[in-house]
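Descriptive analysis of the structure
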Amino acid sequence: MSNQLDVRLRLVASFVRPGSVVADIGTDHAYLPVQLVSAGICPGAYACDLREGPLQNATQTVRAAGLSDKIQTVLSDGLDALPPGCADDVIFAGMGGILIAELLSRAAWLENPDVRVIAQPMSHAEDVRLWLFQNGFTIDDEAAVFDRHHGYVVLAAHYTGENTAVTPAMPYGGTLFGKSDPAAKRLLSLQLQRLKKRRDALQNAQSDPDETARLCAVIDDFERRMQV
Ligand SMILES: C[S@@+](CC[C@H](N)C(=O)[O-])C[C@H]1O[C@@H](n2cnc3c(N)ncnc32)[C@H](O)[C@@H]1O
């Protein structure tokens, strides 16, 4: 796919199913939908943003690419202003995981096995995974990438109607556990370091025994899963 996308967005694009109409939520400049449509991966797209400024950026990018007939820009809080069922693949990239989980919880039409949810949380990926596990979605695959020492995870999920039984570490590593590629292993190691730092800080402060115990359980499970 194109060099016009950075490494992170190229990874997101690789999760889009060829032939699908995409909705890019929080699109900002609409680089991703423009690239997907101009490369012929997607026949059409919705480029959505909460704010006027980013949406104007999106409209300019779409116009400059000559794709106004194929990409609709939509001012929308999450999926609120989109017609239900309008897209096959729905992308949430470059936003925090807590916000992504909240937007997912408001979009009932994603509860369709044919719709793919693609998420690239900039933080709190565990909140996205946990929401998916507890709300009838299955995570089909994940991948990690590093760009200038910053690690990113992208995941794809679809609705099955069945919740997933969750062990303590699963929200923190998802299907990255068991992957052998260096980026996945590096991202998991960084996550483990963060968890240990938080546990150590809590232990030193002796402030929240319940959270400390929870983190200890997460770390035990995490280390076990990383060894498999
Ligand atoms: C950092 S940019 C990410 C742009 C692009 N998706 C990417 O990954 O490079 C985040 C965008 O999400 C938009 N945003 C924030 N909250 C939103 C919401 N509730 N609904 C839709 N868009 C939102 C912001 O206005 C901003 O343009």
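Look up: the structure comes first, before these words.
The sections below set out a description of the structure shown in this document. Quick caveat: nothing in here was measured; it's all calculated off a predicted structure. (Residues numbered from 1 in each chain as written. Predicted model: local features only at pLDDT ≥ 70, side-chain atom pairs only at ≥ 80, totals over all residues. Heavy atoms only, no water.)

**A word on unusual backbone geometry**
The phi angle at Asp 28 is positive, at roughly 55°, despite the residue not being glycine. Residue class for Asp 28 comes out partly exposed when judged on its relative accessible area of 32%. For His 149, which is not glycine, the phi dihedral falls at a positive 70°. Residue placement: His 149 occurs in the loop between strand 6 (137-147) and strand 7 (150-159). Taking the relative accessible area as the measure of exposure, His 149 reaches 72% and is therefore exposed. (Buried < 20%, exposed > 50% of the residue type's maximum accessible area, 1.4 Å probe, protein only. Helix = DSSP H or I, 4+ residues; strand = E, 2+ residues; numbered from the N terminus.)

**Describing the nonpolar core**
Here is a general trend for soluble globular proteins: nonpolar side chains tend to be buried in one another's company. Among the nonpolar cores identified, the biggest contains 31 residues, and Ile 25, Val 90, Phe 92 and Leu 110 are the most heavily contacted of them. Elements that contribute at least two residues to this core include exactly strand 1 (22-25), strand 2 (45-49), strand 4 (89-95), helix 4 (97-105), strand 5 (116-121), helix 5 (125-134), strand 6 and strand 7. Setting aside residues no more than four positions away along its own chain, Val 90 makes contact with Ala 23, Ile 25, Leu 79, Trp 109, Leu 110, Val 115, Arg 116, Val 117 and Ile 118. Core analysis: the next-biggest nonpolar cluster, separate from the first, contains 28 residues, Phe 15, Val 22, Ala 58 and Ala 156 among them. (Core = buried A, V, L, I, M, F, W, Y, C linked by side-chain atoms within 4.5 Å. Contact = heavy atoms within 4.5 Å.)

**Points about the site of the ligand**
As a matter of local geometry, the ligand sits amid 17 residues, with Arg 8, Gly 26, Asp 49, Asp 77 and Gly 78 nearest to it. Within the contact set of the ligand, a nitrogen atom lies 3.3 Å away from a backbone nitrogen or oxygen of Leu 50. Contacts to the ligand include Arg 51, whose side-chain N or O atom sits 3.0 Å from an oxygen atom. For the ligand, the protein covers 80% of the area, taking 600 Å² as the surface of the free molecule. Elements that contribute at least two residues to the shell around the ligand include exactly helix 1 (7-14), strand 4 and helix 4. Broken down by class, the residue content of the shell around the ligand amounts to seven nonpolar, five polar and five charged. (Near = heavy atom within 4 Å. Polar contact = N/O pair within 3.5 Å; in protein donor to acceptor, adjacent residues only side chain to side chain. Areas by Shrake-Rupley, 256 points an atom, 1.4 Å probe, with all protein chains shown as cover. Nonpolar A, V, L, I, M, F, W, Y, C, P; charged D, E, K, R; others polar.)

**Details of the sheet that holds strand 1**
Adjacent strands of a sheet form backbone hydrogen bonds with each other and so pair up, either parallel or antiparallel. One open sheet accounts for seven strands, arranged 3-2-1-4-5-7-6; its pairing is mixed. In this open sheet, the two edge strands, each paired with only one partner strand, are strand 3 (71-75) and strand 6. In this sheet, neighbouring strand axes are inclined to one another by 15° on average, regardless of whether the strands run parallel or antiparallel. One ladder, built from three bridges, connects strand 5 with strand 7; its direction is antiparallel. Bridging from a neighbouring strand, Ile 118 pairs with Ala 156 of strand 7. Contacting strand 1, strand 4 and strand 5, helix 4 runs over the sheet at an angle of about 150° to strand 4. (Pairing = 2+ DSSP bridges. Axes fitted to C-alpha atoms, helices over the stretch in contact; angles between N-to-C directions.)

**Digging into the packing of helix 7 (residues 182-205) against helix 8 (residues 209-227)**
Running from N to C, helix 7 and helix 8 cross one another at 155°; their axes reach a closest spacing of 10 Å. Taken as axis vectors, helix 7 and helix 8 run roughly antiparallel relative to one another. Where helix 7 crosses over helix 8, the handedness of that crossing is left-handed. Side by side, helix 7 and helix 8 meet where Lys 185, Leu 188, Ser 189, Gln 191, Leu 192, Leu 195, Lys 196, Arg 198, Arg 199, Leu 202 and Gln 203 of the first sit next to Glu 211, Thr 212, Arg 214, Leu 215, Cys 216, Val 218, Ile 219, Phe 222, Glu 223 and Met 226 of the second. (Parallel < 35°, antiparallel > 145°, perpendicular 65-115°, else oblique. Left-handed = near helix turned anticlockwise from the far one by under 90°.)

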